[in-house]
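Residue strings, one per chain:
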Amino acid sequence: MHDKPQAAPVREFRLPSARVLALAGRDALAFAQAQFMSDVAALDDRQWQWSGWLTAKGRLIALFALLRLDAQTLWLLLPDADPAALAEALRRYVFRSKVVLSIPDIPAAGRFDALAPAAGNRFARLDDARIALDMGGASGARTLLLGPCDAVEDADALARWDAADLAYGLPRLPPSQAEQWTPQQLSLERLRAFSVRKGCYPGQEIVARTHFLGQAKRGLALLDGSAPLAVGSEVRQDGQPIGVIVSSAGGAALAILPRERTPGPLQTQEGEPLRERPLADGLAR
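Residues numbered from 1 in each chain as written. Predicted model: local features only at pLDDT ≥ 70, side-chain atom pairs only at ≥ 80, totals over all residues. Heavy atoms only, no water.

### Some remarks on the packing of aromatic side chains
For any pair of aromatic rings, the description consists of the separation of the ring centres together with the inter-plane angle of the planes.
Consideration 1: Applying the stated criterion across every chain yields a total of six aromatic pairs.
Consideration 2: For the pair F36 and F64, a centre-to-centre distance of 5.1 Å together with 75° between the ring planes defines the contact as edge-to-face. With F36 in the loop between α1 (28-35) and β3 (47-54) and F64 in strand β4 (residues 60-70), the pair connects residues that are 28 residues apart, well separated along the chain.
Consideration 3: Its relative accessible area of 0% is what places F36 among the buried residues.
Consideration 4: The exposure class of F64 is buried, given its relative accessible area of 0%. (Phe/Tyr/Trp six-rings, centres within 6.5 Å; stacked < 30°, edge-to-face > 60°. Helix = DSSP H or I, 4+ residues; strand = E, 2+ residues; numbered from the N terminus. Buried < 20%, exposed > 50% of the residue type's maximum accessible area, 1.4 Å probe, protein only.)

### Side note on the sheet that holds strand β16 (residues 273-277)
Consideration 1: Spatial strand order, β11-β14-β13-β12-β15-β16: six strands in a closed barrel with antiparallel pairing. Each strand of the sheet is rotated relative to its neighbour by a mean of 45°, with strand direction disregarded.
Consideration 2: In the sheet, strand β11 (residues 218-224) pairs with β16 via three bridges, with the strands oriented antiparallel. If you follow L223 over to β16, its bridge partner there is E276.
Consideration 3: Across the sheet, helix α3 (residues 155-167) is in contact with β11, β13 (240-249), β14 (252-258) and β16; its angle to β13 comes to roughly 135°. (Pairing = 2+ DSSP bridges. Axes fitted to C-alpha atoms, helices over the stretch in contact; angles between N-to-C directions. Contact = heavy atoms within 4.5 Å.)

### Notes on the nonpolar core
Consideration 1: Counting residues in hydrophobic clusters, the biggest one holds 51 residues, and the most contacted among them are L67, L133 and L146.
Consideration 2: In this view, L146 contacts V20, L67, W75, L77, I106, P107, A108, A129, R130, I131 and L133; residues no more than four positions away in its chain are not counted.
Consideration 3: Grouped together as the second largest cluster of nonpolar side chains are 23 residues, L21, L23, V40 and A62 included. (Core = buried A, V, L, I, M, F, W, Y, C linked by side-chain atoms within 4.5 Å.)

Spatial relationships are all this shows, so hold off on functional conclusions.
Given below as structure tokens:
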């Protein structure tokens, strides 16, 4: 008999909405550098960063973690967006580039602990088939796993994971919120998800102008309610609409609100009180 109680094993649980879009070929990195809003050229092998694809008007089509496996292979880990629809849209811009887009069958799982040597923006290859990404920060350790595993279906753990994403300021955008918001309105500078200096990409002119002229008047706020909060619903102050909810996980939500506003209580459009709390640090890569 052991003198000390043994810690319960850490369970891995499925992340069913997280899927991978792969870019492979001689021009994969150049194609990604020209299309996506982060500085892909700054990545080394086995590093990752937050990134996204924008419309010409600087509105976010999809947000993703971009992994560089090697000089000819990138993975886009999509928390929410449909990889088939994104691949079809991106193929319109391939032209003569030597790059192939595919959707590998790679399951994703989460666990609430750290898994060395995955740390910061360096992912770890656990074996020939599995990759681990550090998704933790000030609110606690988390690891995201890509590849074959014995993960279970766990609705409570999944809800906790989704709420943690919002707490870190990672927008989980349903289709209704695609192509609606600029990176600055989504406060994606917190995740270092876009570059204003790397050169041209779709929407770059809008992003750079907003950055250098200081015109980002709205940003993300983390809110809590006593009941589930609906995406697309209004946030009000003194009975007047001042913003909109863009992501929700149960009673937690991310809303786009004025960066400068008069202090005061917030409510849903039904008049239920909302509590604002600060975003946690930790997901910038």
